[in-house]
Amino acid sequence: ALADSSGGRVAFVPRRGGARGALEAGLAAGVLPGGRRLTDPEDRATVEAVWGEQLPAEPGRDLHAILTAAAAGEIDVLHLIGVDLATDAASTQLAREALGRVDTVVVQDLAATATLSEFADVVLPAAGRQERAGSTTDWEGRTQRFNRAVDGPDLVQEDWEIVVQLAALLGHDLGLDDLASIRDELARLGLRAAPHPLPEVTAPMLAPPSADALHAVLRPMLLDRGTMLVGATDLNATAREPLALIGTRTAADHGIEDGDTVAVEGAGRRLELRAAVRGDVVDGTVVLPANSTTPPANDLVAATGEAHVTLSRVAGAADSGSSVAEEVA
């Protein structure tokens, strides 16, 4: 409505690199390659015409549903490609339950993540960006190709090579022999000619789940403790201090002032960090950095996905700017 009234346009600017390209490739439940929807008959027909087979009628599981099923013993194998669920999932509690329950965890990655070190049964070393050719898509949808700059270590393969070989072992020929064939398939699929209309938003604003609890909203920071920043000491030194962002009314209700050290508790875990009182934060919520503390704030999210936390001022805490997380007895 704001864009329409001002003559502007709506842009999706993701916080994670590669998110736009991943969506265009169809890497989300109910999404098809080229910015198409599984539930759109025209979109389905376009993709089926290229692939020559009928698509599933129902969307697949999203990540939370996959992990919930795995934790319940309904999935035997998890194959993870470039994702560190043990520290970077929306609920690390659920992720660890799932990783510990399945029979086999296959990790396809280029770094020794916590997931790899603690849970991997099979490790498939993948090439890094400098060790392969490929393309990158920015938030505007502009795609640029790049070439291999250096050779990777022995036994390292590109992600698409690993996937093609695994498919062959499972009895499926994907018909993709090299990067050129993948690019040809992408060109045949193409992009949807016109965007889908924006959906009508009917969900109400967040309301506190109870008189004592708040909604925790987790967001990744540009510089955090993600895998690709391990060892980047100088770069990480420029990262912003992890803060708990709270609205003015919420701060007043809890006796908290800007700069106070606060304790945020949820899912049996406790995180202490400095509070920043802001006028643009919705009352009844606290905004936390997703992966900027040790352990990460994701630990406060229950396995059910509920991010309900309590907030309190830490009396007599020194204003050190540091944060700690510990298990609540």
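Only a predicted model underlies this, so the values are computations on that prediction, with no experimental measurement involved.

Draft legend 1. Region of interest: the overall build of the protein. When helices and strands are counted, the protein shows eleven helices and 14 strands. Each of the three principal axes of the protein carries a C-alpha extent, and together these read 65 × 55 × 40 Å. Put simply, the protein has 329 residues, and 35% of those count as buried. For the protein, contacts bridging at least 24 residues in sequence account for 62% of all contacts bridging at least 6. Entry remark: accessible area of the protein is about 19700 Å², with carbon and sulfur atoms responsible for 52%.

Draft legend 2. Layout of helix α9 (residues 179-189). All of the buried residues in α9 are Ser181, Ile182, Glu185 and Leu189. Buried positions in α9, seen along its axis, are confined to an arc of 105 degrees and lie on one side of it. Elements that come into contact with the buried residues of α9 comprise β2 (36-37), α3 (41-51) and α8 (159-169). Looking at the residues trailing α9, positive phi occurs at Gly190, about 65 degrees.

Draft legend 3. Representation of a positive patch on the surface in the model. A contiguous patch of positive charge on the surface is contributed by Arg15, Arg219, Arg240 and Arg278. Its relative accessible area of 49% is what places Arg15 among the partly exposed residues.

Draft legend 4. A look at the packing of aromatic side chains. Considering all chains together, one arrives at zero aromatic pairs under this definition. Taking NZ or CZ as reference, Arg129 lies 4.2 Å from the ring centre of Phe146, over its face.

Draft legend 5. Looking closely at the packing of α3 against α9. Contact geometry for α3 and α9: axes closest at 9 Å, N-to-C directions at 145 degrees. For α3 against α9, the interelement crossing comes out right-handed. Of the residues in α9, those touching α3 at Val47, Val50 and Trp51 are Glu185, Arg188 and Leu189. Counted by class, the contact of α3 with α9 contains four nonpolar, no polar and two charged residues.

Draft legend 6. Looking closely at the pattern of salt bridges. Following the criterion strictly, the structure yields 14 salt bridges and no others. One salt bridge in this structure joins Arg44 and Glu48, with 3.5 Å as the shortest N-O distance. Placement of both Arg44 and Glu48 in helix α3 is noted, with a separation of four residues, approximately one turn of the helix. Residue class for Arg44 comes out buried when judged on its relative accessible area of 15%. Judged by its relative accessible area of 22%, Glu48 falls in the partly exposed class. Arg270 is the salt-bridge partner of Glu272, the closest N and O atoms lying 2.8 Å from each other. Each member of the pair, Glu272 together with Arg270, is buried. Each of Asp40, Asp43 and Arg192 takes part in a single network of salt bridges with overlapping partners.

Draft legend 7. How the structure looks around a nonpolar patch on the surface. A contiguous nonpolar surface patch, about 230 Å² in accessible area, is contributed by Ile81, Val163 and Leu174. Along the chain, the position of Val163 falls in helix α8.

Draft legend 8. Main features of the sheet that holds strand β5 (residues 122-125). One open sheet holds the three strands; their spatial order is β3-β4-β5, and the pairing between them is parallel. Strands with a single pairing partner mark the edges of an open sheet, and in this sheet they are β3 (77-81) and β5. Adjacent strand axes in the sheet meet at a mean angle of 10 degrees when their direction is disregarded. By the bridge criterion, five bridges tie β3 to strand β4 (residues 104-109) in an arrangement that is parallel. Directly across from Leu78, in β4, lies its bridge partner Val105.

Quick notes on the rules
- Residues numbered from 1 in each chain as written.
- Predicted model: local features only at pLDDT ≥ 70, side-chain atom pairs only at ≥ 80, totals over all residues.
- Heavy atoms only, no water.
- Helix = DSSP H or I, 4+ residues; strand = E, 2+ residues; numbered from the N terminus.
- Buried < 20%, exposed > 50% of the residue type's maximum accessible area, 1.4 Å probe, protein only.
- Contact = heavy atoms within 4.5 Å.
- Areas by Shrake-Rupley, 256 points an atom, 1.4 Å probe, with all protein chains shown as cover.
- Arc of directions from axis to C-beta.
- Patch = residues over 30% accessible without salt bridge, like charges linked within 9 Å, V, L, I, M, F, W, Y side chains within 5 Å.
- Salt bridge = Lys/Arg side-chain N within 4 Å of Asp/Glu carboxyl O.
- Lys, Arg positive; Asp, Glu negative; His and termini not counted.
- Charge placed at Lys NZ, Arg CZ, Asp CG, Glu CD.
- Phe/Tyr/Trp six-rings, centres within 6.5 Å; stacked < 30°, edge-to-face > 60°.
- Lys NZ or Arg CZ within 6 Å of the ring centre and 35° of its normal.
- Axes fitted to C-alpha atoms, helices over the stretch in contact; angles between N-to-C directions.
- Left-handed = near helix turned anticlockwise from the far one by under 90°.
- Nonpolar A, V, L, I, M, F, W, Y, C, P; charged D, E, K, R; others polar.
- Pairing = 2+ DSSP bridges.

In short, the description is geometric, and any link to function would need to be established separately.
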